[in-house]
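Okay, here's what each chain looks like letter by letter:
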Amino acid sequence: MSSISLQQRVARLEDLQNLLSEQPYSIVLRLRLSLAYRDLGYPDLAVGDAYKALLLTDEVAEEGEFHDEAMSAVMEDFGSEQAAQLFATVASQLGFEGLQGAKASDDNDATIWAQKYLSKIAYAILVSCLIDCGCLSSAFEYNTRAIQAYQDTPIFDRYRKTIQEKLQSYFKSRNEDFAEADVDEYPDRGLVRREQYPWNTWEPDRFSEESLNCMNEQMAAVAPKLEIKKTSLLLLAPETPNSCPQKDPIYVDQLGIFAKEDIAPGHLILEEKSLLTAVARLRETRCDACSISLTKAGIDSDDIRTCDECDEIYFCSEECHDLAQDTYHPALCGVNIDQTVPASEASDYLYSLLLTRALALAEVQESHPLELKEVCFIWGDYHGVDVNQNWNMDSTDGVADPFGSIPQTLPFSFKYNILTPLNVLEKMDINIFTQSPRYDTWIFNTLYAKFRGTASARQGLDGRPEVSAVHPMWCMGNHSCDPNVSWDWEGSIRFWTREQLVDWKGRDPSAKPGMQKGEELRGHYCDVRLPVKERREWAVGALGGDCMCPRCVWEEAQERGQTS
Ligand SMILES: C[S@@+](CC[C@H](N)C(=O)[O-])C[C@H]1O[C@@H](n2cnc3c(N)ncnc32)[C@H](O)[C@@H]1O
């Protein structure tokens, strides 16, 4: 029986988050925050603050950029009620005893206290939460460092054994030998809760009149004949296969795009340019702002511009150059972004570039990243589970499993969810400690959730994703394998009504191309020329489950009829 309710835990967490603006350099506060996230089933968010705590202990030990700030925060925390609370929580949550420290009287003693106790706690939380998140390679690396630094600490031996067991079963499940594996072959990526966090006050009510008016103002600028409206869609989730006839279908409220008037076939109905773009490789071949290929017919080489300051990126036109300078580029001017990425990480890397662009847009426009017009209304595909109902505690008042039994569908890695964004922020000269409220792990996760549900990507010749973009209006369009529009994307994204509908035999023969007033736009997330099985495989990631459009249902039934 839980003695502290979920609401109380969230309230406690929010109190700690609010303290950050007063004590941004407090290692003790970061660690308490980290434990509060862990206690709520967010080990991924705990990793973020445990890592920042570890960075601050380094600042205390070495004369780093924030040495003085970190040092005075340690002096303030030493012997404080806050430190006593931290030690008590660590002892009960992690089973980590023997943390009482002596009182410091000068810098040197405080340094010892921070190194001896706070750094050890930071390692312990970091490693335990990395294990929970499936980041075994990073957990192994930090645990090895902890064992070297604190040889007498049994908790790190326990973690070593846990990591080893998990690795053994991982390699066994792949019929591979763990003993033969290199550290860089250890898995370092897992799934975490994809959620509208209870403290996220930035997420608008997408169905309110105010939000719809705001979205439709944006829509009118790029598609005067279209509007966004609320619609009801079949829930397509892997765990509730709607193709299973025994189950009742579940419908969910979502948004879609509708015709405001009758529209003839072959009519261009939407043309949208976005600055939320990412080019992974060969950056000199694409416009940094809109991502159009610079070798595309119609681009005059005399129009191509570079940035006067950094000279490293190219724009297709004066317009893109000016837009970039006004909205994001000054934050990234001269910032060197690593472009050497293993093929297995190509897609995560591309999403991380979108994140970088969103951070730069926010920084230059002095807005919160979740407030940007490119992201604020877009679909985050958050789990629809009622956390209050499903939240699960164990007999010791801790979370029953690391995620509190809430579904996990958001990819998470230490590299792309923590290290890369913090590293980019530092290169952008943003103080990652004082600016936490704007650039925190939960904000990165929320942005990733939105991008993963809506970004378009294009592959290079070798099949690796090369360019990606989020177009906030275009991505309100829902999918059908019997679309009434076609689209293409080169710089801008464009929708036009199809001249001819897809030819499939089960459709109402009276259906005609074009759109009637009030009709929903049906885009397509896969190649509609493929057979049903392949179409579904292609679109499953974007839809969350098997496509159940009338064409898929009909063609699947036909195939079943033929094979049975
Ligand atoms: C890019 S968003 C489309 C806009 C979204 N409906 C919204 O409210 O913002 C993609 C999501 O829309 C939903 N969706 C799109 N087409 C669908 C369809 N044919 N059936 C059910 N859900 C669909 C899925 O949940 C998918 O993850």
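Structural notes, computed from the coordinates.

What counts, and where the lines are drawn
- Numbering of residues begins from 1 in every chain and follows the order in which that chain's sequence is written.
- Confidence filtering applies because this is a predicted model: local features only for residues at pLDDT of at least 70, side-chain atom pairs given and counted only at 80 or more, and all residues used for totals across whole chains, interfaces and linings.
- Water and hydrogen atoms play no part in the side-chain values, which are based on all heavy atoms of the structure.
- To qualify as a nonpolar core, a set must consist of buried Ala, Val, Leu, Ile, Met, Phe, Trp, Tyr and Cys residues joined through side-chain atoms within 4.5 Å.
- Burial classification: accessible surface area is computed with a 1.4 Å probe over protein chains only, and a residue below 20% of its type maximum counts as buried, one above 50% as exposed, and the rest as partly exposed.
- Counting from the N terminus, the helices are the DSSP runs of H or I reaching at least four residues and the strands are the DSSP runs of E reaching at least two.
- When DSSP finds two or more bridges between two strands, those strands count as paired.
- Axes here refer to lines fitted to C-alpha atoms; in helices the fit is confined to the stretch in contact. Angles between the N-to-C directions go from 0 to 180 degrees.
- Residue count minus one, scaled by 1.5 Å, sets the expected span of a helix.
- What the arc measures is the spread of directions leading from the helix axis to the C-beta atoms.
- We call two residues contacting when some pair of their heavy atoms lies within 4.5 Å.

1. Some details on the nonpolar core
Nonpolar side chains tend to gather and get buried jointly when the protein is soluble and globular. Ranked by internal contacts, the top residues of the largest apolar core, which has 165 residues, are Leu270 and Phe451. With 15 residues, the single largest contributor to this core is helix α6 (residues 107–132). Among the nonpolar cores identified, the runner-up in size contains twelve residues, and Leu236, Cys481, Leu543 and Cys549 belong to it.

2. Looking at the sheet that holds strand β13 (residues 492–497)
Strands sit in the order β4-β13-β12 across an open sheet of three strands; the sheet is antiparallel. Looking at strand neighbours, the two that pair on one side only are β4 (268–272) and β12 (485–490), the edges of this open sheet. Put simply, the sheet's adjacent strands are angled 15° from each other on average, direction ignored. One ladder, built from six bridges, connects β12 with β13; its direction is antiparallel. Its bridge partner being in β13, serine 486 is matched across the sheet by tryptophan 496.

3. Overview of helix α1 (residues 6–19)
Between its terminal C-alpha atoms α1 stretches 20 Å, which fits the 20 Å expected from 14 residues at 1.5 Å a residue. Leu6, Arg9, Val10, Leu13, Leu16 and Gln17 are the residues of α1 that are buried. Projected onto a plane normal to the axis of α1, the buried residues spread over an arc of 120° and lie on a single side. Summarising the geometry of α1, the exposed residues directed more than 90 degrees from the buried face are Asp15 and Asn18. Buried residues in α1 make contact with α2 (27–39), α13 (387–390) and α15 (441–454).

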